[in-house]
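A closer look at the structure
Listed below are the residues making up each chain.
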Amino acid sequence: NFESLTAVWHALIDNHTRYYIFRNYIKFHNPVTHRALAIYALGGSGPVIEAFYKRDIKIQRDAFVSPHPITAHNFVDHLGDEK
């Protein structure tokens, strides 16, 4: 339904914009999108998706701006960089 679609869309975009790919410094990945999409795929309501999203983001690391542009030409040089 539209309510669920709106909630999952918000979770995906907000997570991509605000949070880092790893949720801690030992590189556990950010699982927010997995849960949001799983709840949506199983027919979960918008409020359920939002509730779990709000719960999940409490342990996420904030995203950061790259110190300089990473391009198709230099991305290999930055694999494994923390910033």
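This text gives an overview of the structure that appears in the document.

Calculation rules
- Residues numbered from 1 in each chain as written.
- Predicted model: local features only at pLDDT ≥ 70, side-chain atom pairs only at ≥ 80, totals over all residues.
- Heavy atoms only, no water.
- Axes fitted to C-alpha atoms, helices over the stretch in contact; angles between N-to-C directions.
- Helix = DSSP H or I, 4+ residues; strand = E, 2+ residues; numbered from the N terminus.
- Parallel < 35°, antiparallel > 145°, perpendicular 65-115°, else oblique.
- Contact = heavy atoms within 4.5 Å.
- Nonpolar A, V, L, I, M, F, W, Y, C, P; charged D, E, K, R; others polar.
- Expected span 1.5 Å × (residues − 1).
- Polar contact = N/O pair within 3.5 Å; in protein donor to acceptor, adjacent residues only side chain to side chain.
- Phe/Tyr/Trp six-rings, centres within 6.5 Å; stacked < 30°, edge-to-face > 60°.
- Buried < 20%, exposed > 50% of the residue type's maximum accessible area, 1.4 Å probe, protein only.
- Salt bridge = Lys/Arg side-chain N within 4 Å of Asp/Glu carboxyl O.

1. Section: the packing of helix α1 (residues 2–18) against helix α3 (residues 46–56)
Relative to each other, α1 and α3 sit at 20°, their axes nearing to 7 Å. Classed by the angle they form, the pair α1 and α3 counts as roughly parallel. Together, Glu3, Ser4, Ala7, Val8, His10, Ala11, Asp14 and Asn15 of α1 and Gly46, Pro47, Ile49, Glu50 and Tyr53 of α3 make up the contact between the two elements. Classifying every residue of the contact of α1 with α3 gives 6 nonpolar, 4 polar and 3 charged.

2. Considering the side chain of Asp56
Residue placement: Asp56 occurs in helix α3. Those residues in contact with Asp56 that lie beyond four places of it in its chain are Val32 and Arg35.

3. As for α1
When the terminal C-alpha atoms of α1 are compared, their 24 Å separation across 17 residues agrees well with the 24 Å that a helix rising 1.5 Å per residue should span. Looking at the buried side of α1, the elements it contacts are α2 (32–41) and α3. The opening residue of α1 is Asn1, an N-cap whose side-chain oxygen sits 3.0 Å from the backbone nitrogen of Glu3.

4. Let's talk about the packing of aromatic side chains
For any pair of aromatic rings, the description rests on two quantities: the centre-to-centre distance and the angle between the ring planes. Tallied over the full model, the rule gives 1 aromatic pair. Relative to Phe64, the ring of Tyr20 has its centre 5.0 Å away and its plane inclined at 45°; by these criteria the two rings are tilted. Of the two residues, Tyr20 is situated in the loop between α1 and α2 and Phe64 in the segment after α3; the sequence distance between them amounts to 44 residues. Looking at Tyr20, the relative accessible area reads 12%, which means it is buried. Of the residues examined, Phe64 reaches a relative accessible area of 31% and is grouped as partly exposed.

5. As for the pattern of salt bridges
A complete count under the given rule lists 2 salt bridges for this structure. Between Asp14 and Arg18 there is a salt bridge whose closest N-O contact spans 3.0 Å. Of this pair, Asp14 and Arg18 both sit in helix α1, 4 residues apart, which is roughly one turn of that helix. For Arg18, a relative accessible area of 42% corresponds to the partly exposed category.

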